[in-house]
Amino acid sequence: MPGFSTEGAVWWPFDITERFMVDVFKGYGVPAGDAEVCAEVLITADKRGIDSHGVGRLKPIYIDRIKDGQINPVTKIDLIKEGPTTAVLDANNGMGQVVSKKAMLMAIEKAKKYGMGMVVVRNSNHYGIAGYYTGLAADHGMIGFSGTNARPSIAPTFGVENMMGTNPLCFAMPTDEPFHFNIDCATSISQRGKIEVYARQKKDIPPGWVIGADGTTKVDSIAVLDDLVKGTAALTPVGGIGEEGGGHKGYGWAATVEILSSALQQGAFMKSLLGFENGKKVPYKLGHFFMAVNIEAFTDLASFKKTSGDICRALRNSKKAPGQKRIWTAGEPEWDAWLERKDKGVPLDEVERVQFDQMKAELKLTRYTFPWEK
């Protein structure tokens, strides 16, 4: 399945890149153990070829927000409410990856005992790829389910105002193949991270991804990122503009995630997630939800894995459209990306290399020598 272009990228080994990110997080006040969690989530995205949510977000989404006071580098997690199969956590505007890994592991432990577990989080921040957390559940032989709200960017069907975040809805299920079935998708046609990659590569985005205030599509990736912040453009839901392509379905799923990310934990939602208040930067106060379902409560794990694997293989082996060479199932493109990249590392584009230089200089991390410095 086609991914982002790596033309002109400089490759750096995964282990060194991850260590660098750990040191960067630590340098800006994140405790060592938490820094390792944050770096692990980011590097996992790059390993899977999800460059929109990997190391390219280290500086703009995490470090810059820590420096601006929008994220607390030390994550203090409060347990607000707990039952045998449920829990509500407050992240106190700490690192999204830290509270989210804890939340999913809590859900998994509850599912081991009672068949299902669900944990919700409020007052958090961007948590990286949702598939990391659902993958944890699948690693434990469970079905994983997660979603999060985000700063407003999607317009409702027949609207042009950015009201809801990209609001990913993610499921993962173990199979008898080397990789899980793991579907991690925004409820918009594209998420902001993909547009950021297009902007770094100075390329236009495809028509239909973004709608302007006048109801027409916008394609200038750099201008779109600015317009999204100003509220003069919005992402379109899965299905696109209007109802003809099923845009109302994507809109409905986005609203579902918005409700589950806020109503259960009584957290912030929609316009209160802008990150600005009276012209000043403030915490984003995002909400997440995590569910683990113990397969053994329904059937034996081996049988489930075989059936799910049989379904995926049947889909991939079905008749292909003229001119098409391959059919994928969820999780397979990410596995292919890992096989391609495992010996090469992370592809760092020009913008990312500049950001790495800036962070290295600011923190005096002279023990690292970047390949582009040689």
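Now for a description of the structure that goes with this document. (Residues numbered from 1 in each chain as written. Predicted model: local features only at pLDDT ≥ 70, side-chain atom pairs only at ≥ 80, totals over all residues. Heavy atoms only, no water.)

A closer look at the overall build of the protein chain
Let me state the cut-off plainly: Elements are defined by DSSP. Helices are runs of H or I of four residues or more, strands are runs of E of two residues or more, and each kind is numbered from the N terminus. Just to be clear, the radius of gyration here is over C-alpha atoms, and the globule rule we use is 2.2 Å times residues to the power 0.38. When accessible area is computed with a 1.4 Å probe and restricted to protein chains, residues below 20% of their type maximum are described as buried, those above 50% as exposed, and intermediate ones as partly exposed. In this count, Lys and Arg are taken as positive residues and Asp and Glu as negative ones, while His and the chain termini are left out. A charged residue contributes its charge at one atom only: NZ of Lys, CZ of Arg, CG of Asp or CD of Glu.
The secondary structure content of the protein chain amounts to 11 helices and 14 strands. Against the 2.2 N^0.38 benchmark of 21 Å for 374 residues, the protein chain shows a C-alpha radius of gyration of 20 Å, consistent with a compact globule. Its C-alpha atoms give the protein chain principal-axis dimensions of about 55 × 50 × 45 Å. Taken over 374 residues, the protein chain has a buried fraction of 51%. Across the protein chain, the mean location of the 45 positive side-chain charges is 1 Å away from that of the 44 negative side-chain charges.

Focus on unusual backbone geometry
Despite not being glycine, N93 shows a phi value in the positive range, around 60°. Within the fold, N93 resides in the loop between strand 3 (86-90) and helix 4 (96-114). Relative accessible area serves as the criterion here: at 16%, N93 is assigned to the buried category. Even without being a glycine, N167 presents a positive backbone phi close to 40°. Mapped onto the fold, N167 is located in the loop between strand 5 (142-148) and strand 6 (169-173).

Brief notes about the pattern of salt bridges
Proximity of charged atoms lets side chains of opposite charge pair with each other. Basically, it comes down to this: For this document, the term salt bridge refers to a Lys or Arg side-chain nitrogen within 4 Å of an Asp or Glu carboxyl oxygen.
All told, the structure shown has 28 salt bridges when counted by the stated rule. Between D90 and R122 there is a salt bridge; the shortest N-O distance is 3.1 Å. Of this pair, D90 sits in strand 3 while R122 is found in strand 4 (residues 116-124), placing the two residues 32 residues apart along the sequence. Under the relative-accessibility criterion, D90 is labelled buried at 8%. Here the salt bridges share partners, and the residues they tie into one network are D176, E177, K306, D310, R313, R316, R326, E332 and D336.

Quick look at the pairing of strand 4
Threshold: Here, a strand pair is defined by DSSP locating no fewer than two bridges between the strands. Note on handedness: a clockwise path from strand one over the helix to strand two, with the strands aimed away from the viewer, defines a right-handed crossover.
Direction of pairing for strand 3 relative to strand 4: parallel, over a ladder of five bridges. Residue pairing across strands places D90 opposite R122, the latter belonging to strand 4. Running through helix 4, the crossover from strand 3 to the neighbouring parallel element strand 4 is right-handed. Direction of pairing for strand 4 relative to strand 13 (residues 286-294): antiparallel, over a ladder of seven bridges. Directly across from V121, in strand 13, lies its bridge partner H288.

As for the side chain of D227
On the secondary structure map, D227 appears in helix 7 (residues 221-230). We classify D227 as buried; its relative accessible area is 11%.

Topic: helix 2 (residues 32-47)
Put simply, the test is: Expected span of a helix, by definition, is 1.5 Å for each gap between consecutive residues, and there is one gap fewer than residues. By the convention used here, residues are in contact when the closest approach between their heavy atoms is within 4.5 Å.
In a regular helix each residue adds 1.5 Å, so 16 residues correspond to 22 Å; helix 2 covers 22 Å between its end C-alpha atoms and thus fits that length. Within helix 2, burial applies to D34, A35, V37, C38, A39, V41, L42, I43, T44, A45 and D46. Contacts made by the buried residues of helix 2 are with helix 1 (14-27), helix 3 (58-67), helix 4, helix 5 (130-139), helix 10 (332-341) and strand 14 (346-348). The first or second residue beyond helix 2 is G49, which carries a positive phi of 80°.

Focus: the sheet that holds strand 13
Heads up, the rule is: Only the stretch in contact is used when fitting a helix axis, every axis being a line fitted to C-alpha atoms; angles between N-to-C directions are given from 0 to 180 degrees.
Overall, mixed pairing links the seven strands, which are arranged 2-3-4-13-5-6-7 in an open sheet. Unpaired on one side and paired on the other, strand 2 (78-82) and strand 7 (181-185) mark the two borders of the sheet. Across the sheet, the axes of successive neighbouring strands diverge by a mean angle of 15°, strand direction being ignored. The sheet contacts of helix 4 involve strand 2, strand 3, strand 4, strand 5 and strand 13, and relative to strand 4 the element is tilted by about 160°.

Comments concerning helix 1
The end-to-end C-alpha distance of helix 1, which contains 14 residues, comes to 20 Å, matching closely the 20 Å that a straight helix rising 1.5 Å per residue would cover. Every buried residue of helix 1 is listed here: F14, T17, F20, M21, V22, D23, V24 and F25. Its buried side turned inward, helix 1 meets strand 1 (10-12), helix 2, helix 3, helix 10, strand 14 and helix 11 (350-363). A positive phi of about 100° marks G29, the residue just after helix 1.

Overview of the packing of helix 1 against helix 11
Our working definition: In what follows, roughly perpendicular refers to angles from 65 to 115 degrees, roughly parallel to angles under 35, roughly antiparallel to angles over 145, and oblique to any angle outside these ranges. Helix crossings fall into two classes, left-handed where the near helix is turned counterclockwise from the far one by less than a right angle and right-handed where it is turned clockwise. By the convention adopted, Pro, Cys, Tyr, Trp, Phe, Met, Ile, Leu, Val and Ala count as nonpolar, Lys, Arg, Asp and Glu as charged, and the other residues, Gly among them, as polar.
Remark: helix 1 packs on helix 11, axes separated minimally by 11 Å, with the N-to-C direction vectors making an angle of 50°. Classified by the angle between their axes, helix 1 and helix 11 sit oblique to one another. Between helix 1 and helix 11 lies a crossing whose hand is left-handed. Contacts from T17, F20, D23, V24 and G27 in helix 1 reach F356, M359, K360 and L363 in helix 11. Partitioned by chemical class, the residues of the contact of helix 1 with helix 11 number five nonpolar, two polar and two charged.

Observations concerning the pairing of strand 5
Burial runs high along strand 5: six of the seven residues are buried. The pairing of strand 5 with strand 13 spans seven bridges and is classified as antiparallel. Its bridge partner being in strand 13, S146 is matched across the sheet by F290. Taken together, the four bridges between strand 5 and strand 6 define a ladder with antiparallel strand orientation. Within strand 6, the position partnered with G144 by the bridge is A172.

Interpretation in functional terms is not warranted from these geometric data alone.
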